[in-house]
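Descriptive structure summary
Read off the chains here:
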Amino acid sequence: MPIDIPMAAKKIKIAIDGPAASGKSTTARAVARRLDYLYIDSGAMYRAVTLAALEAGVPTTDETRVAELAGTLEITFGRNNEATEIYLDGTDVSAAIRAPRIVAHINPVAANSRVRQILVAKQQSLGKSGGVVMDGRDITTVVFPDAELKVYMQASAEERARRRVAELSVKDIAADFDEVLASIEQRDRADLTRIHGPLKQAPDAIVIDTTALTIAEQVEKIYRLARDIIERKD
Ligand code: DC
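Each chain carries its own residue numbering, running from 1 in the direction its sequence is written. Residues qualify for local features only when their pLDDT is at least 70, as the model is predicted, and side-chain atom pairs are given and counted only at 80 or more; totals for whole chains, interfaces and linings, by contrast, use all residues. Side-chain measures here rest on the full set of heavy atoms in the structure, leaving out hydrogens and waters.

Section: the overall build of the chain
Rule in force here: Helix and strand assignments come from DSSP, with helices taken as H or I runs of at least 4 residues and strands as E runs of at least 2, each series counted from the N terminus. Between the two quantities, the radius of gyration covers C-alpha atoms and the globule rule is 2.2 Å times the number of residues to the power 0.38. Each residue's exposure class comes from its accessible area (1.4 Å probe, protein chains only) as a fraction of the maximum for that residue type: buried when under 20%, exposed when over 50%, partly exposed otherwise.
When helices and strands are tallied, the chain shows nine helices and eight strands. In terms of overall size, the chain behaves like a compact globule, its C-alpha atoms giving a radius of gyration of 17 Å where 234 residues would be expected to give roughly 17 Å. The dimensions of the chain, computed from C-alpha atoms along their principal axes, are 50 × 40 × 30 Å. Here the chain holds 234 residues, and 48% of them are scored as buried.

A short note on helix α7 (residues 157-170)
Test applied: To estimate how far a helix should reach, multiply one less than its number of residues by 1.5 Å. By the convention used here, residues are in contact when the closest approach between their heavy atoms is within 4.5 Å.
With 14 residues, α7 extends 20 Å from end C-alpha to end C-alpha; this agrees with the ideal 20 Å at 1.5 Å per step. Along α7, the residues that are buried comprise Ala157, Glu159, Arg160, Ala161, Arg163 and Val165. In the core, the buried residues of α7 are packed alongside α8 (177-193) and α9 (215-233). Where α7 ends, the next residue or the one after it, Asp172, has phi of about 65°, a positive value.

A look at the site of the ligand
The cut-off we apply is this: For this description, a residue counts as near a given molecule or strand if any of its non-hydrogen atoms is within 4 Å of it. Polar contact is the term for a pair of N or O atoms within 3.5 Å; when the atoms are in protein, one must be able to donate a hydrogen and the other to accept it, and sequence-neighboring residues count only if both atoms are side-chain atoms. Residue burial considers only the protein chains on display, and all accessible areas are found by Shrake-Rupley using a 1.4 Å probe. Three residue categories are used. Nonpolar comprises Ala, Val, Leu, Ile, Met, Phe, Trp, Tyr, Cys and Pro, charged comprises Asp, Glu, Lys and Arg, and polar comprises the others, including Gly.
Not every one of the 15 residues close to the ligand is listed here, only the nearest: Arg47, Arg116, Arg137, Asp138 and Arg187. Between an oxygen atom of the ligand and a side-chain N or O atom of Arg187, the distance comes to 2.4 Å. Here an oxygen atom of the ligand sits 3.2 Å away from a polar atom, N or O, in the side chain of Arg194. In isolation the ligand offers 450 Å² of accessible surface; the protein chains occlude 94% of this area. Of all the secondary structure elements, the ones that give two or more residues to the shell around the ligand are α2 (42-56), α4 (100-110) and α8. Considering each element in turn, the shell around the ligand owes the most residues, four residues, to α2. Looking at the shell around the ligand, its residues break down into four nonpolar, three polar and eight charged.

Re the pattern of salt bridges
Any two side chains of opposite charge can pair, on the condition that their charged atoms come close. Cut-off, in case you're wondering: Salt bridge, as used here, is a side-chain nitrogen of Lys or Arg placed within 4 Å of a carboxyl oxygen of Asp or Glu.
In the structure shown here, the tally under the stated rule is 15 salt bridges. Between Arg194 and Asp191 there is a salt bridge, and its shortest N-O distance comes to 3.1 Å. Both residues of the pair, Arg194 and Asp191, belong to the buried class. Sharing partners across several salt bridges, the network here consists of Arg34, Glu220 and Arg224.

Considerations on the side chain of Asn112
Residue placement: Asn112 occurs in the loop between α4 and α5 (113-127). When near neighbours in sequence (up to four residues on either side) are disregarded, Asn112 contacts Glu63, Val66 and Ala67.

Considerations on the nonpolar core
Stated formally: The definition of a nonpolar core used throughout is a set of buried Ala, Val, Leu, Ile, Met, Phe, Trp, Tyr and Cys residues joined through side-chain atoms within 4.5 Å.
In terms of nonpolar packing, the biggest core is built from 35 residues, with Val49, Ile75, Ile86, Leu88 and Val115 touching the most fellow members. Where this core is concerned, the elements lending two or more residues are β2 (38-41), α2, α3 (63-72), β4 (86-88), α4, α5, β6 (132-136) and α6 (139-143). Among the elements that take part in this core, α2 stands out by supplying eight residues, more than any other. Counting residues in hydrophobic clusters, the runner-up holds 21 residues, among them Ile14, Ala32, Val151 and Ile230.

A look at unusual backbone geometry
Its identity is not glycine, yet Ala21 carries a phi of approximately 65°, on the positive side. In this structure, Ala21 sits in the loop between β1 (13-17) and α1 (24-35). Phi at Asp36 takes a positive value of approximately 60°, unusual for a residue other than glycine.

Quick look at the pairing of β6
Burial analysis of β6 places five of its five residues in the buried class, which makes it a mostly covered element. Alternating positions in β6 separate into two faces, Val132, Met134 and Gly136 on one and Val133 and Asp135 on the other, with burial throughout.

So, the environment of Leu88
With respect to the secondary-structure elements, Leu88 resides in strand β4. A relative accessible area of 7% means that Leu88 is categorised as buried. It is 9.3 Å that separates the C-alpha atoms of Leu88 and Leu51, two residues lying 37 residues apart in sequence. Ignoring any residue separated from it by four or fewer positions in sequence, one finds Leu88 in contact with Ala48, Leu51, Ala52, Leu73, Glu74, Ile75 and Val93.

Quick word on the sheet that holds strand β8 (residues 206-209)
Stated formally: Strand pairing requires that DSSP identify at least two bridges connecting the strands. Angular values range over 0 to 180 degrees, each being the angle between N-to-C directions of two axes fitted as lines to C-alpha atoms, with helices fitted over their stretch in contact.
Taken together, five strands build an open sheet; the order of strands is β2-β6-β1-β7-β8 and the sheet is parallel. The open sheet is flanked by β2 and β8, the only strands paired with a single partner. Shown here is a sheet whose adjacent strand axes are inclined to one another by a mean of 20°, direction ignored. In this sheet, β8 lies alongside strand β7 (residues 149-154) in parallel orientation, the contact comprising four bridges. Its bridge partner being in β8, Tyr152 is matched across the sheet by Val207. Contacting β1, β2, β6 and β7, α1 runs over the sheet at an angle of about 175° to β6. Taken strand by strand, α2 contacts β2 and β6, and its axis lies near 45° from that of β2.

This is the structure we're talking about:
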């Protein structure tokens, strides 16, 4: 539901970071929908570069070739507010980027400083006029340190694993809790220890622990924070 104040002069940037499976994307998308803002899933861009490398037969560990490839790709988003719709050189890769083989090969891509430079520049350009909610790992710290609203979402690894298992079970996919937990912990380690663009809390980010919150409560919290800022900006 768009808010009933004129938006022209007041479009802010909302940056949301947090670990894998913290509910960021679902929350960020819902906040964007409520504000009638654009939602950008920055993780989808790292996934798209990984997919392009795998399809081109370039090992994701080959920093130079992956960076060269990333520089040639046209990555665009559809304006679908229900799910991330992402195109790689005009082809819809929204489903392909979610395949498990992408996550298996993504760490070297996310750690590649030249790839990060290219994607950060694209992200900054997509959000430069405001009216955007972007989520990821380095959005509050590197991409939009100037965002009017910065949020760091966290939840315990156990709770994130529990949610992931429940999500998969809705899709009739059986998953072992311990395996899912181990994979989440492995992704946390990769995200936290990366030299370029690691996951970290910006000093001025508002921390929301979602362990005991529903998605609706998370959305409401961020929406209210955003609305206060937008109203004060007037
Ligand atoms: O949020 P996600 O699971 O779709 O992210 C996929 C990968 O991309 C994950 O390994 C972390 C990385 N990523 C990143 O390095 N920086 C971002 N801004 C977003 C995601």
